[in-house]
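These are the residues of each chain, in order.
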Amino acid sequence: MNSQTKKPLLEVQDLKVEIKTKVGSFVPVNGHSFSVHEGETIGIVGESGSGKSMTASALMRLLPKHVAKITEGSVRLDGKELLTLSEKQMRKVRGAEISMILQDPQTSLNPAFTVGSQIKEALRLHAPGPRRSLRSRAIDALKAVKVAAPEQRIDAYPGELSGGMRQRVVGAIAISCRPKVIIADEPTTSLDVTVQAQYLRLLRELQEETGMAILFITHDFGIVASLCHRVLVMYAGRIVESGPVGKIFANPAHPYTEALIATVPSLSGNQGRLRTIPGQPPSPAEKIVGCPFAPRCDYADARCRSEAPPTVLANGDSEHTTSCWRAVNQ
Amino acid sequence: MLRHLLLRSGSSLFALLIISMIVFSLSQLSGNPVDALLPDDATQEQIDTFIRDWGLDQPLWKQYMTFLGNAMLGDFGTSLKWPGESAMGFVLDRMPATLKLGGLAILISVVIALPLGIAAAYTKGSITDNAAQLFALLGQSMPNFWLGIVLIWVFSVWLGWLPTSGTGSFAHLILPAIAIAWFQISALTRLTRSAMLEVLDAEYVKLARVKGVPEWLVICKHAFRNAAVVPLTYFGILAASILTGSVVIESVYSYPGMGWVAIEAIRGRDFPVIQAVILAYAVIYMLSNLLVDLLYVVVNPRMHHG
Ligand SMILES: Nc1ncnc2c1ncn2[C@@H]1O[C@H](COP(=O)(O)OP(=O)(O)OP(=O)(O)O)[C@@H](O)[C@H]1O
Ligand code: SF4
Ligand SMILES: [Mg+2]
């Protein structure tokens, strides 16, 4: 994977999202910068509440209204700045150039409409055509995600399909307009292991065919290992480590990444009971001084608790960054 | 699906049967039907013929069977208060007027309540939401006869825009329809609002946005289609309370529909008409519930296969 030679499809710079609630405000996405190239899969990993879905929603500009807003940064899709588009212009981008597979396949299809009408709706909006061709293109999309007997399934309601099948239909909707970038937000957590593996294989095949970039959100480092080229590790709204998957597994630079890898039995050689990281991530309301991971970190010292670590190269490697004082000290 | 509808029709018929028994016992409960049904100065001969004609010398269950047989043919005897009129014929005569009024009331409540409920849910916590809630509260805290009188006072007496009472033109329908509808608007607005709030955060609503669907379609198509089941379920109750509302409001506006007939018949102890009007109301109620069941299937495709 020589991502360096390909052009970046998605370039995110200093992205910041602020959430304002009655109890106070906090920053669930705090200064993200990263890029995704054509044909590349990037994993976003982190514990629950670390801001993975917020990042995805921000990229789609679909943050919860009145609650969250983007306060800073830039998101470029194929060179086009998304954050300054009007809502109407953004609607033309959504589903057409950047698409998303939502977290829960069981509920992300509308129970009141047939599979076909939900796929055709996207096609009609972005690539209109005569009725018959819409139907055949919808069937093509179902074929692409390997739905058996698509001519019959297209007239089925979501309630008549199995969980794995529904997930495929959600995938079909996402790819139907041939987007350049797909964000998949934990698309397989509710599926059983074999279905999950099939789905991941399918995603990879689709990517090989279309060259789309995938942003894969998960809290399972095992999936990252098998699917992603690069990985962003998120903790409490920040990207604390990023780099090629191989390097990060071989040489995690951030103690949090190290701990996450240790929770995966097959990767750490720690068979048996699933390990979890002791302690809790900071609550959104907490005012953080110093490194946010310090209360749970085995290596934390006085500086960690008083001063936030800068983002630096890990091991002097230009592809691998982290924000940890230990990397600075090296 | 078909089984479901058959089952519902069956239970409706059973309910009608029970109602017929109640209606039948009504004339028994109120003392000797001879006293109730014949004028005070009836001769002994008249009384005897009456007893024979009506089978009052027969055992009670036999009387009921006769009553039921006649009722199924729509024969409740002749009216006492309006001589020469068959009781059911008289009621049926007035039915279109009531259906027109009830239909308009339903139309008004749906046309106002659904958009209001949707807007309130969409703008939850905003001024629009609060105004909609206040409007709803207002309707639910006013008894409809009082609202009827207030409306007459404002729009007929004070502004002189609309007639105070009677029938004959569309203008005559407006005030009574509003008086009946407002309470329903309140209930329906709140129901729609809460049903919409439940679906607005659903993943499939988000998926619609992800696809690039325009916001108004996201709300009216993807969200409302799933929320619609709740107000629809209420529709049966809506039909019922609009029927009962018509009894009161038709009297307030001297609007000669079934409701007005019911009140007049009760006043005049006109038992044949009372029986006819109660059963007519019951049948309308059952039919509207059956209609709701049908609509329910249309709105809720999952039931095609249930
Ligand atoms: N609608 C909202 N209003 C207020 N706070 C929210 C809202 N949605 C999310 N948050 C908060 O934002 C933070 C980030 O949430 P996010 O959903 O991005 O986490 P996540 O990493 O996707 O977690 P998970 O793995 O559980 O999906 C959390 O603290 C969460 O409580
Ligand atoms: S900066 Fe300090 S506390 Fe934070 S992760 Fe690194 S060593 Fe641990
Ligand atoms: Mg999430």
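Everything below is about the structure shown above.
Criteria and cut-off values
Residues numbered from 1 in each chain as written. Chains lettered and ligands numbered in written order. Predicted model: local features only at pLDDT ≥ 70, side-chain atom pairs only at ≥ 80, totals over all residues. Heavy atoms only, no water. Near = heavy atom within 4 Å. Polar contact = N/O pair within 3.5 Å; in protein donor to acceptor, adjacent residues only side chain to side chain. Areas by Shrake-Rupley, 256 points an atom, 1.4 Å probe, with all protein chains shown as cover. Nonpolar A, V, L, I, M, F, W, Y, C, P; charged D, E, K, R; others polar. Salt bridge = Lys/Arg side-chain N within 4 Å of Asp/Glu carboxyl O. Buried < 20%, exposed > 50% of the residue type's maximum accessible area, 1.4 Å probe, protein only. Helix = DSSP H or I, 4+ residues; strand = E, 2+ residues; numbered from the N terminus.

> Just give me the short version of the site of ligand 1, but keep the residues and values in it.
Residue and element names in this part refer to chain A. Not every one of the 15 residues close to ligand 1 is listed here, only the nearest: Ser48, Gly49, Lys52, Ser53 and Met54. Here glutamate 186 contributes a side-chain N or O atom positioned 2.9 Å from an oxygen atom of ligand 1. Bound to the protein, ligand 1 loses 68% of the 640 Å² it would expose on its own. Of the residues contributing to the shell around ligand 1, the split by class is six nonpolar, six polar and three charged.

> Could you give an account of the pattern of salt bridges, with specific residues and numbers?
Residues and elements named next belong to chain A. Applying the stated rule across the entire model yields 19 salt bridges over all chains. Residue arginine 94 is joined to glutamate 87 by a salt bridge in which the shortest nitrogen-to-oxygen separation is 3.1 Å. Assessed through its relative accessible area of 39%, glutamate 87 is described here as partly exposed. A salt bridge links lysine 247 to aspartate 317; the shortest N-O distance between them is 3.0 Å. With lysine 247 in helix 9 (residues 245-250) and aspartate 317 in strand 12 (residues 317-322), this residue pair connects regions lying 70 residues apart in the sequence. Residue class for lysine 247 comes out partly exposed when judged on its relative accessible area of 33%.

> Provide a residue-level description of unusual backbone geometry, including the pertinent values.
Positive phi, normally seen in glycine, also occurs at Lys146(A), with a value near 60 degrees. Within the element layout of this structure, Lys146(A) appears in the loop between helix 4 (131-144) and helix 5 (150-153). Residue classification places Lys146(A) among the partly exposed residues on the basis of a relative accessible area of 48%. Even without being a glycine, Ser254(B) presents a positive backbone phi close to 40 degrees. Secondary-structure assignment places Ser254(B) in the loop between helix 11 (229-252) and helix 12 (258-267).

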